[in-house]
Amino acid sequence: VPALWAHQASAIDLVRDGRSVAVATGIGPTEASRRCAVASRAATDLAALAALVAEGRVGRRALEMVHRHTRDTTPETTAAIVAHLLAARRGSPGSVRVVGMEPHEIAKTCRRLVSRLEPDLVQARADANRATRLDVRTEPGAVGTSWLTAVLPSEIAAAIKVAVDA
């Protein structure tokens, strides 16, 4: 771990809740806490990816995507995902897979690997989302219509889409 990252890790210990960072930087406490969480991981289990960010080879969003998708995985799964992203692309010896990947590609790769390595965690995430994140909203549309916005279980959303398209 580079000395810079070690220094940041000790500073992060002082501002773990993000409130001090929020005051110092003028951003909201939620965003400050998120940034602190990413920085903490950048100094520990995501240090290899953080080094690529520091070198300018990958963007900050790449690190944030990996953080987001591995925040509740086991250390072994996180290490496997980081190793996969740092490995060479097929047919390109000496390359680094994550370099040049878009954030949505990184997210998709992380989700695929987590579902393969920790299927029970994926199910637990789905159950938690179904319990806490469901929502339906309507707004008036053009005469005789309404806008419908919903966060639904995938199978119900697919059934509604089929019914509307029929």
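Rules used in this analysis
- Residues numbered from 1 in each chain as written.
- Predicted model: local features only at pLDDT ≥ 70, side-chain atom pairs only at ≥ 80, totals over all residues.
- Heavy atoms only, no water.
- Helix = DSSP H or I, 4+ residues; strand = E, 2+ residues; numbered from the N terminus.
- Buried < 20%, exposed > 50% of the residue type's maximum accessible area, 1.4 Å probe, protein only.
- Contact = heavy atoms within 4.5 Å.
- Areas by Shrake-Rupley, 256 points an atom, 1.4 Å probe, with all protein chains shown as cover.
- Expected span 1.5 Å × (residues − 1).
- Arc of directions from axis to C-beta.
- Salt bridge = Lys/Arg side-chain N within 4 Å of Asp/Glu carboxyl O.
- Core = buried A, V, L, I, M, F, W, Y, C linked by side-chain atoms within 4.5 Å.
- Pairing = 2+ DSSP bridges.
- Patch = residues over 30% accessible without salt bridge, like charges linked within 9 Å, V, L, I, M, F, W, Y side chains within 5 Å.
- Lys, Arg positive; Asp, Glu negative; His and termini not counted.
- Charge placed at Lys NZ, Arg CZ, Asp CG, Glu CD.

Focus on the overall build of the chain
Each helix and strand counted, the chain has 9 helices and 2 strands in total. Listed by position from the N terminus, the elements making up the chain come as α-α-α-α-α-α-α-α-β-β-α. Put simply, the chain has 166 residues, and 27% of those count as buried. Sequence separation of at least 24 residues holds for 47% of the intrachain contacts in the chain that already meet a minimum separation of 6. Working note: accessible area of the chain is about 10,800 Å², and carbon and sulfur atoms make up 58% of it.

A short note on helix α6 (residues 75-86)
With 12 residues, α6 extends 16 Å from end C-alpha to end C-alpha; this agrees with the ideal 16 Å at 1.5 Å per step. Thr77, Thr78, Ile81, Val82 and Leu85 are the residues of α6 that are buried. Within α6, the buried residues cover an arc of 135° as seen down the axis, which keeps them to one side. For α6, the exposed residues lying more than 90 degrees away from the buried face are Pro75 and Glu76. On the buried face of α6, the contacting elements are α3 (29-42), α4 (47-55), α5 (60-70) and α7 (103-117).

Details of the environment of Gly59
Note on placement: Gly59 falls in the loop between α4 and α5. Assessed through its relative accessible area of 41%, Gly59 is described here as partly exposed. For the pair formed by Gly59 and Val98, sequence separation is 39 residues and the distance between their alpha carbons is 9.9 Å.

Some thoughts on the pattern of salt bridges
Under the criterion given, the structure shown has 11 salt bridges. When the shortest N-O distance is used, the salt bridge between Arg35 and Glu31 registers 2.9 Å. Residue Arg35 and its partner Glu31 are both found in helix α3; the two are separated by 4 residues, about one turn of the helix. Residue class for Arg35 comes out partly exposed when judged on its relative accessible area of 44%.

Structural notes on the nonpolar core
Membership of the largest hydrophobic core comes to 23 residues, with the highest contact counts inside it found for Leu49, Leu63, Val66, Leu85, Val98 and Ile106. Residue assignment for this core shows that the elements contributing at least two residues are α3, α4, α5, α6 and α7. Looking at which element gives the most residues to this core, the answer is α7, with 5 residues. When near neighbours in sequence (up to four residues on either side) are disregarded, Val66 contacts Leu46, Leu49, Leu85, Ile106 and Cys110.

A word on the pairing of strand β1 (residues 135-140)
The element β1 is largely exposed, with a buried count of 0 among its 6 residues. With 6 bridges joining them, β1 and strand β2 (residues 146-151) adopt antiparallel strand pairing. What sits directly across from Val136, in β2, is Ala150. Hairpin geometry of β1 and β2 is characterised by an intervening segment of 5 residues between the two adjacent antiparallel strands and by a positive phi of about 80° at Gly144.

With respect to a positive patch on the surface
Taken together, the side chains of Arg68, Arg71, Arg90, Lys108, Arg111, Arg112, Arg116 and Arg133 define a basic patch exposed on the protein surface. Tracing the backbone through its elements, the reader meets Arg112 in helix α7.

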